[in-house]
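Residue strings, one per chain:
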Amino acid sequence: MSLFSPVRFAKGVGEKRERAFSRLGVKTVEDLLFFFPRRYEDRRNITPLSALTAGAAVSVVAQVVAFEKRPTSRQGLEVSSILLSDGENVAKAVWFNARKLEDVLVPGVRVALYGKVEMRSGLQLTNPEFEVLDESDPESVGRIVSIYPATAGLSPKWVRRVVSSALELYLSEVEDFVPAEIREKYNFSALRESVMELHRPQGRESWLRARNRLAFDELFLLQTGLLLRKKRRASAQKVSGPLRAGEKFKNFRRSLPFQLTKAQDRCIREVASDLASQVPMNRLLQGDVSSGKTVVAMAALVIAVDGGAQAAFMAPTEILAQQHFFRLKALLAKLDIRVDLLTGSLSQGARNKTLEGVSSGDTRILVGTHAIFGPKVSFKELGLVIVDEQHRFGVLQKNALLAKTRSPHVLVMTATPIPRTLTLSIYGDLDVSLLDELPAGRKPVKTHRLDFSPSQQTRLLNFVRDTARQGHQIYWVCPIIEESDKLDVTAAYSRFQNLRQELPGLKIALLHGQLPADEKESVMEAFASGETDLLVSTSVVEVGVDVSNATVMVIEDAVRFGVAQLHQLRGRVGRGEGESHCILLTGKTTPEGIARLDAMSSTCDGFKIAEMDLRQRGPGEICGIRQHGVTDFRVADLVRDRKLLEMARQEAAALVEKDPELENARPLAEALMSRLGPTLELAGTA
Ligand code: ADP
Ligand code: MG
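Residues numbered from 1 in each chain as written. Chains lettered and ligands numbered in written order. Predicted model: local features only at pLDDT ≥ 70, side-chain atom pairs only at ≥ 80, totals over all residues. Heavy atoms only, no water.

Student: When you look at the sheet that holds strand 14 (residues 431–435) in this model, what are you seeing that I'm missing?
Tutor: Strand pairing in a sheet is mediated by backbone hydrogen bonds. Such pairs are either parallel or antiparallel. Here seven strands make up an open sheet; going across it, the order is 10-11-9-12-13-8-14 and the pairing parallel. Sheet topology places strand 10 (339–342) and strand 14 at the edges, where each strand pairs with a single neighbour. Taken over all neighbouring pairs, the strand axes of this sheet differ in orientation by 20 degrees on average, direction set aside. Pairing of strand 10 with strand 11 (residues 365–368) involves four bridges; the strand directions are parallel. Bridge pairing in strand 11 links Asp340 to Leu366. (Pairing = 2+ DSSP bridges. Helix = DSSP H or I, 4+ residues; strand = E, 2+ residues; numbered from the N terminus. Axes fitted to C-alpha atoms, helices over the stretch in contact; angles between N-to-C directions.)

Take a look at the structure:
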C-alpha cells in the first residue's frame, strides 16, 4: 500500500466510491491528499437569520422546522421548501425539482446552508448547497469546515472523513520534489505543512502562503517538463540539411509591394536563422490580427525552397487556404516555384495531379487544409511545415501530423494573441517570435454598439449604402445559431434576401461553409476584386480573410460571439488606409452581454482582449486545449498566477540548463515521469 495505490485501497473507499472519485480526477491515494477544498465555510460564528440581506451569499446553520413539496403552475416544475429557525428568527430555503429532499431535510435536523439570499415573498435562500449536520461529527461543526468538490455518490461528511484518514496515514510519505535551493530561496513552507494547511487552514496568511507554494510546484513541474522536452528534442533530432536563403529569397524580398515592418524583419531573421541550423525549428509566431504574419510565413516557404526542400502551408479553412494559395501564386510567379493547392473538395483529377507533384517533388510548396496530411499524401523531401491559425487545430492534432513526417522545421502561427501565461503553458517548449507592431498607417477600427431597432436599422442601412457609394466594401456577419451549420445558413440566407430588397443598388453576395468549394472561391474572388459591395456571411470569414478595401464590419447578434472571436471578425477591416468601422448589433441581451461588448469596443489591443477572454472563459475553451490536460492544475490558476508562472519558468530554465539529466533532482525526475510523462511524451527521451 503506497501513495500511488489506487484510491479504492484507501481506508473507507470501495469500488463504487472509487468510480465517483475518478469523476473528480482522484485516482490514487496521492490524488486524495491533493484533492483540495473548493471553499471553506466558517461554522464557528453562525450568521443569525435576522442578519440576512437580499443579494448576499451567506452561510448559515439552522434547524429545519417544516418541509413542504408542491407542484407549481409551470408544468413539470416542483418546489421543495423548508422553514428554518435559529431559535430567534425564521427563514425559508427553496429548491426547484430537487429529488428526495424530504428524506434528508426532516424537521428537527440541523443543517448548514450556503447560497444566495433573494427577496421573494420574504427573504429566502434559493437552491442553496446544504449539508445535514451530525452533532457528533467534530469535523462538520463549530470550526472552519472544508467544502470539497462534490459529485453524486459522495457525501460531504464522508469525503471529509476519507481525506482526514488519508492525511493521517499517508501525508508523511509525500515527498517534496522542488530542489532545496529553490525552496530556501523563496522561503517556501514545507510541502506537507502546505498540504495540511489547504485542507485545514489556520488563517488567511498561512493559507495563502501554502496555496502559492503548491501552485508554484505545479507550474514548476510543467515548465521543467516542457523545457526538458525542448532540450532533448534539440539534441536528438537532426534535420536532413540546413535550409539557407538564396536567390529566390532575395527576389522575393525585392518583389514585395510594401516595406516590411521592423517586427516582420526581425521575425523573418529569427525564422531564417532557425532554418539554417541543424536543429529542427519549433517556433511560434504570435501577432495581433492584421500584423502581417502571412508575409513572414511566405518568406519562410521561399527560404525552404531555396534550401532545396519542399514546404507545406496549412490553414484551418478552405477559404483561407485558397486565399493563401492565390497570394503565393501571384507573388511567386516570377520566382519559378511550383505551388499547389490541396483541399478536401478538390476534383479527383486536380487532386491526383497535385498528389503526383508532391511525391515526385515537382510541387515545391503545398498549400491546403488538413487534407495536406491525408493518408495518400507523401512528400518527396518535406523540410518545413507552417500551420496558420494554430489554435483552430488544437494541440493534439498537430502532434499527430508531425508524427507522420521526419523532423521537418515547424512554424506555427496564432491569429488571436494568447495571454503569456497560456503561451508558456501550452507552447512552453517552442521558441516565440512576436510581431508587436502593425504596418504603418493603420487606424484603429471604430467600434459601435447598436440596438437593432427599426429606426436604427434605417440609419445602419444608409451608412452601408454610403460606404458602398464611396467605393468601399462591407462584411455583414450573421450569428452562430446553436452550433448548427444548417440553421446558420438559413439565417444568413434570409438576411441576404432581406438586404437585397433593402439595398437594391448594391451588389450583394452570400458566403457560408456549406457552399461547394468552387462557389466559395468565386464568391471570395468577386469580393476580393471589389466587384461585390456587400458580403453576407456566417462566421466563416472569422479567420484570416484579407480584403483591404473592406472598411465596414457589421456583426449581428454580437453577444453570441466570444470577445476573441469578435476581435478576429473586427480584424477583417482596418487593413487599409481608410477609416474603418465595426458595428455590433444587439437585440435583447443581458447587462453582462453589453458589458462584454463595451469592454471589447474599448480596445483594439488583441493581447488585452485575450486576457479578457481567458478570465471569462478559462484556458480550456480558448485554444482547444481542453483534452490536452496540461492546464488541468489542482491549485494554480493561469489568470491569477502570472508572477508565479514567470518565477517557475525562470527556475526551471536555470535547472534544466545546469542539470539536464536531473541527476541531482531525482524526486523531480520521478514526479515528472509519473505526473506528466504521458502527456508530454517524455518517456523514451530520457
Ligand atoms: P495577419 O497577421 O492577420 O495574418 P496578414 O498577413 O493577412 O495579417 O496581413 C494583413 C494585411 O496587411 C495584408 O493585406 C498584407 O498584405 C498587409 N501587410 C502586411 N505587411 C505589411 C507591411 N509591412 N506594410 C503594409 N502592408 C502590409
Ligand atoms: Mg492571417
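So, next bit.
Student: Whenever I open this one, the nonpolar core confuses me. Can you help?
Tutor: Side chains of nonpolar character tend, in soluble globular proteins, to be buried together. Within the largest apolar cluster, 83 residues are counted, with the highest numbers of intra-cluster contacts made by Phe21, Leu32 and Phe220. With eleven residues, helix 7 (residues 204–236) is the largest single contributor of residues to this core. Two domains share this core, each providing at least three of its residues, namely domain 2 (204–237 + 633–680) and domain 3 (247–435). Excluding its chain neighbours within four sequence positions, the residues that come into contact with Phe21 are Val7, Val13, Val26, Leu32, Phe35, Leu154, Trp158 and Val162. Formed by 44 residues, the second largest nonpolar core is a distinct cluster that contains Val271, Val295, Met298 and Phe325. (Core = buried A, V, L, I, M, F, W, Y, C linked by side-chain atoms within 4.5 Å. Buried < 20%, exposed > 50% of the residue type's maximum accessible area, 1.4 Å probe, protein only. Domains from an automatic or database assignment. Contact = heavy atoms within 4.5 Å.)

Student: Just checking my understanding: could you explain the site of ligand 1 for this structure?
Tutor: Every one of the 16 residues lining ligand 1 counts as a neighbour, but Gln259, Ser290, Thr294, Arg442 and Asp546 are closest to it. Between an oxygen atom of ligand 1 and a side-chain N or O atom of Arg442, the distance comes to 2.7 Å. For ligand 1, an oxygen atom lies 2.6 Å from a polar atom in the side chain of Asp546. In isolation ligand 1 offers 570 Å² of accessible surface; the protein chains occlude 83% of this area. Each residue belonging to the shell around ligand 1 can be placed in one class, and the counts come to four nonpolar, seven polar and five charged. (Near = heavy atom within 4 Å. Polar contact = N/O pair within 3.5 Å; in protein donor to acceptor, adjacent residues only side chain to side chain. Areas by Shrake-Rupley, 256 points an atom, 1.4 Å probe, with all protein chains shown as cover. Nonpolar A, V, L, I, M, F, W, Y, C, P; charged D, E, K, R; others polar.)

Student: Would you take a moment to explain the domain arrangement of the protein for this structure?
Tutor: Parsing the protein into structural domains produces domain 1 (43–147), domain 2 (204–237 + 633–680), domain 3 (247–435) and domain 4 (446–603). Computed from C-alpha atoms alone, the centre-to-centre distance between domain 3 and domain 4 is 29 Å. Both faces combined, the contact of domain 3 with domain 4 buries some 1500 Å², and carbon together with sulfur accounts for 57% of it. The interface formed by domain 3 and domain 4 includes one salt bridge. Residue Asp546 pairs with Arg327 through a salt bridge whose shortest N-O separation is 2.9 Å. Across the contact surface, domain 3 and domain 4 share four residue pairs in polar contact (both at pLDDT 80 or more). For the side of domain 3 that touches domain 4, a count of residues per class yields six nonpolar, six polar and five charged. (Buried area = accessible area lost by both parts, 1.4 Å probe. Salt bridge = Lys/Arg side-chain N within 4 Å of Asp/Glu carboxyl O.)

Student: How do you make sense of the packing of aromatic side chains when you look at a structure like this?
Tutor: Within a pair of aromatic rings, the relevant descriptors are the distance that separates the centres and the angle that separates the planes. The final tally for this structure, using the stated rule, is 15 aromatic pairs. Summarising the aromatic geometry, the rings of Phe34 and Phe36 are spaced 5.9 Å apart at their centres and angled 70 degrees between planes, so their arrangement reads as edge-to-face. These aromatic residues form a ring-pair network of at least three members: Phe21, Phe35, Tyr148 and Trp158. Looking at Arg39, its charged tip hangs above the ring of Tyr114, at a distance of 3.5 Å from the centre. Lying over the aromatic face of Phe34, Arg675 brings its terminal NZ or CZ to 5.7 Å of the ring centre. (Phe/Tyr/Trp six-rings, centres within 6.5 Å; stacked < 30°, edge-to-face > 60°. Lys NZ or Arg CZ within 6 Å of the ring centre and 35° of its normal.)

Student: Sorry, what's going on with the pattern of salt bridges here?
Tutor: A side chain of one charge can pair with a side chain of the opposite charge if their charged atoms are brought near each other. The tally for this structure, following the rule as stated, stands at 38 salt bridges. One salt bridge connects Arg449 with Asp598, and the closest N-O pair in it is separated by 2.8 Å. Of this pair, Arg449 sits in strand 15 (residues 446–451) while Asp598 sits in helix 19 (residues 591–601), and the two are 149 residues apart along the sequence. Taking relative accessible area as the criterion, Arg449 reaches 35% and is therefore assigned partly exposed. Look at Asp598 and you get partly exposed, because its relative accessible area is 34%. Taking the shortest distance from any N to any O, the salt bridge between Asp557 and Arg560 comes out at 3.0 Å. Residue class for Asp557 comes out partly exposed when judged on its relative accessible area of 23%. Arg560 sits in the partly exposed class, given a relative accessible area of 44%.

Student: Teacher, can you tell me more about the sheet that holds strand 19 (residues 550–555) here?
Tutor: Within the open sheet, the six strands sit side by side as 15-20-19-16-18-17. Their pairing is parallel. The strands lining the two open edges of the sheet, one partner per strand, are strand 15 and strand 17 (508–511). This sheet shows a mean twist of 20 degrees between the axes of neighbouring strands, independent of strand direction. As paired elements, strand 16 (residues 473–477) and strand 19 share five bridges and run parallel to each other. Each residue of the ladder has a partner; that of Ile474, found in strand 19, is Val552. Sitting on the sheet, helix 18 (residues 563–570) touches strand 15, strand 16, strand 19 and strand 20 (581–586), and the angle it makes with strand 19 is about 150 degrees.

Student: How do you make sense of the environment of Leu384 when you look at a structure like this?
Tutor: You can see Leu384 is positioned in strand 12 (residues 382–387). Distance in space between the C-alpha atoms of Leu384 and Ala550 is 33 Å, their sequence separation being 166 residues. When near neighbours in sequence (up to four residues on either side) are disregarded, Leu384 contacts Leu275, Met281, Ala300, Leu301, Ala304, Gln310, Ala311, Ala312, Pro408 and His409.

Student: Looking at this model, I keep getting lost on a nonpolar patch on the surface. Mind explaining?
Tutor: A cluster of nonpolar side chains, contributed by Val65, Leu83 and Val90, occupies part of the molecular surface with about 240 Å² of accessible area. In this structure Val65 comes out as partly exposed when scored by relative accessible area, which is 41%. (Patch = residues over 30% accessible without salt bridge, like charges linked within 9 Å, V, L, I, M, F, W, Y side chains within 5 Å.)

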